[in-house]
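Descriptive analysis of the structure
So the chains spell out like this:
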Amino acid sequence: MSERIGPRISRRHALQAAAVATTALIAHAGPVAGAPPDAAAIKLIPAPRSAQSTGSNAPCIISSTSGVVANDPSLQSIADWLREQTASLASISLSGGTGTGRTIELEIDPDMSSDHPTSGVRADGEEPERELYALDISREGIRISARTDEGVFRGATSLLHLITDAAVDGEATLDACSIVDAPRFAWRGLSFDVVRTFHPVETVKRVIDLLALYKLNVLHLHLTDTEGWRFEVPEYPKLTDVSGKTASGDRPGGYYSQADYESILEHASARFVTIVPEFDSPGHTASIFRAYPELATEEILDTPESMHYLHPDIPGVWDLVGAVYDELARVHPGARIHVGGDEALAMDDDTFSAYMDTALPMARATGKGIVAWQEASRAGLSEGDLMQHWIPPHLVNRVRSAIEEPGESWLDRSFPDPDVREAFVRLFIEAPYDLLKALEGGADVIISRADRLYLDTSYPEPSSDPDQEEDHERVGLPTSVYGNGTVQDAYDWDPLTIEPYLPANRIAGIEGAIWCETIEDERDLMFQLLPRLPGVAEKGWSDLREWEDYKPRLALQRRIWDAMGVNYFASSVVWPNENSATAVASPAATPQE
Ligand code: TNX
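The structure contained in this document is the topic of the report that follows. (Residues numbered from 1 in each chain as written. Predicted model: local features only at pLDDT ≥ 70, side-chain atom pairs only at ≥ 80, totals over all residues. Heavy atoms only, no water.)

Concerning the site of the ligand
This is how the line gets drawn: Each residue is tested against the molecule or strand, and it is near if at least one of its non-hydrogen atoms lies within 4 Å. Polar contact criterion, stated in full: a pair of N or O atoms within 3.5 Å, where within protein one must be able to donate a hydrogen and the other to accept it, and residues adjacent in sequence count only if both atoms are side-chain atoms. For accessible areas, the Shrake-Rupley method is used with a probe of radius 1.4 Å. Any residue's cover is judged against the shown protein chains and nothing else. Both cavities and pockets are sets of points on a 1 Å grid over the protein atoms alone; in a cavity a 1.4 Å probe fits but cannot get out, in a pocket the set is open with protein on both sides within 12 Å along at least five of seven lines, and lining residues sit with an atom within 4 Å of a point. For this analysis, a molecule is said to be in a pocket or cavity if more than half of its atoms are within 2 Å of the grid points defining it. Here the term charged refers only to Asp, Glu, Lys and Arg, the term nonpolar to Ala, Val, Leu, Ile, Met, Phe, Trp, Tyr, Cys and Pro, and the term polar to all other amino acids, Gly among them.
In the vicinity of the ligand, the contacting residues are Arg196, His284, Asp342, Glu343, Trp373, Trp390, Tyr454, Leu477, Tyr482, Trp515 and Glu517. Within the contact set of the ligand, a nitrogen atom lies 3.4 Å away from a side-chain nitrogen or oxygen of Glu343. Between the ligand and Glu517 there is a distance of 2.7 Å, counted from an oxygen atom to a side-chain nitrogen or oxygen. In isolation the ligand exposes 360 Å². Once the protein is present, 90% of that is buried. One can see that the ligand is located within the largest pocket. Residues of the shell around the ligand, tallied by class, amount to six nonpolar, one polar and four charged.

What follows is the structure in structure tokens.
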């Protein structure tokens, strides 16, 4: 692609751009193959849709003499956030007013528009274009403008990265440039399992901080599962009194009180992250029966917990389901709730459909839209619903060849109970039709393909840090479960081509997932999230880039993670060994040193 898709910007921005006679293109809206060799000069993740260098001899110096000012009261909290983050990540304390040095101006510009379209669906129901922003850096100062406060926040995030990257001894020298940027997809999220391991409020907030840092805008909380229940429902106190105390194995349980939950929602909203809560049913519901065994039959309770399910004909089931949906809808300001629907292993098709035929309208009746795992499309999804697509073709093929294999296969060894085995086989054999069923029914699709986007897969590549050997061995599901998972594999794909029958205009967005069977605490969690999470963010935000262009930008991120004090896997694919890792990272010491 030789022609550049140029940004269409407001009159004032156009004048500013025209004033710079020697504008050089340094980043590109299309694949990097068509971009100039220095496209990676703007070291941002996610890569901006367009960026122009506006004179490399006229840098802007940011230091503690610089101030942050906002032209609209709605931007004050963003100005405060930027100052706080610049102090903690770059060790530069900006002043709250104009200061004596260069000023960072935050402004609402209602007329801004651009040629970088954002498609898909937002979790808060707002229009997809609201994250568009412009960031102008010149010798005279810095201006971030956008139509909305959220757009200004995304721009402030870009600036925070640039300052942190360049910070040396309390000063950051930034090259003059002009960025006009907006996401490719509206829904960019992470699904986070807080059941197998209960993660305290502070950990959830740190995950939200990381999402915001990479411009991800959805945190899907998987709040209920076989092992525990994390969300208070006043009419059913035993859900938390009993199942709030349990987790996987002998791990400590826990649940979020209403006050905890409010503070999580507040933290998320200040960072423009929407929480999408999941009540997973009809499978994954053994935690309900530990609290209210009268809602199951003797027959169901006699099966392994992984086979337990909510039966649509049992009296009382719908009172509970309705109460949970109503409470989720009441507490969450977002536009959607997640109804689960995955792996209802012991249900025959008719019972599953009968359950869904009542559950889905009941969830929609709360006034929220719904999201459901892909298996729900077997019962029928409709226009306005979102289907979360997770099963990759290689999993289906593995199951197919195991059935055809003479003698004992991995399936027989993994599922000695023939009923569980049969249910598991059926789940995967039918998976290839789910996408078409969802599209036919009118639902749009969130891409969550396990082989690219499940971040709890063990890293197949070694760590370049010998001290990580034990953690590397212990944490992460085997790659045979979800597929390959090197940091490069997780990056080398394109949302527009990953599913041949999925039209671009039916993609709501993309979502990574982190399940916590092997993750015991925040250290393990961060070890699995980083360094693959920024790749999820770039797939959702940026036009297609190549690994070679991404890798050096990713290598730089460890400076931020060190400043945040979070753990990460020292992938040998990104940092070939400790010495060369230091060589590609910023020459400056980390702000803490
Ligand atoms: C499948 S992915 C699940 C989760 C597990 C994960 C790993 C999906 C929708 N369901 O319940 O945690 O595999 O074992």
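What about the pairing of strand S12 (residues 218–222)?
On any regular strand, side chains alternate: one points to one face of the sheet, the next to the other face. How we decide: Throughout, exposure labels follow a simple rule: accessible area from a 1.4 Å probe, protein chains only, divided by the maximum for the residue type, with under 20% read as buried, over 50% as exposed, and the rest as partly exposed. Here a helix means four or more residues in a row that DSSP labels H or I, a strand means two or more in a row labelled E, and each is numbered from the N terminus. Paired strands, in this sense, are two strands between which DSSP finds at least two bridges. We call a crossover right-handed when, viewed with both strands directed away from the observer, the connection leading from the first strand over the helix to the second proceeds clockwise.
Across the five residues that make up S12, a large majority, five, are buried. Of the two faces of S12, the one carrying Val218, His220 and His222 and the one carrying Leu219 and Leu221 are both buried. With five bridges connecting them, strand S11 (residues 187–193) and S12 associate as parallel partners. The residue bridging Ser191 from the neighbouring strand is His220, located in S12. For the handedness criterion, the β-α-β arrangement of S11, helix H4 (residues 201–213) and S12 is classed as right-handed.

With respect to the sheet that holds strand S20 (residues 507–514)
Heads up, the condition is: Throughout, an axis means a line fitted to C-alpha atoms (over the contacting stretch in the case of helices), and angles, computed between N-to-C directions, take values from 0 to 180 degrees. The contact criterion used is simple: two residues touch if any of their non-hydrogen atoms lie within 4.5 Å.
With parallel pairing, the eight strands of this closed barrel are ordered in space as S11-S12-S15-S16-S17-S18-S19-S20. Each neighbouring strand pair of the sheet contributes to a mean axis angle of 30°, computed without reference to strand direction. Pairing of strand S19 (residues 444–447) with S20 involves three bridges; the strand directions are parallel. Note that in S20 the partner of Ile446 across the bridge is Gly509. Those strands touched by helix H9 (residues 317–331) are strand S15 (274–281) and strand S16 (336–340), and its axis lies near 175° from that of S15.

Read these as layout, nothing more, since geometry by itself doesn't imply function.
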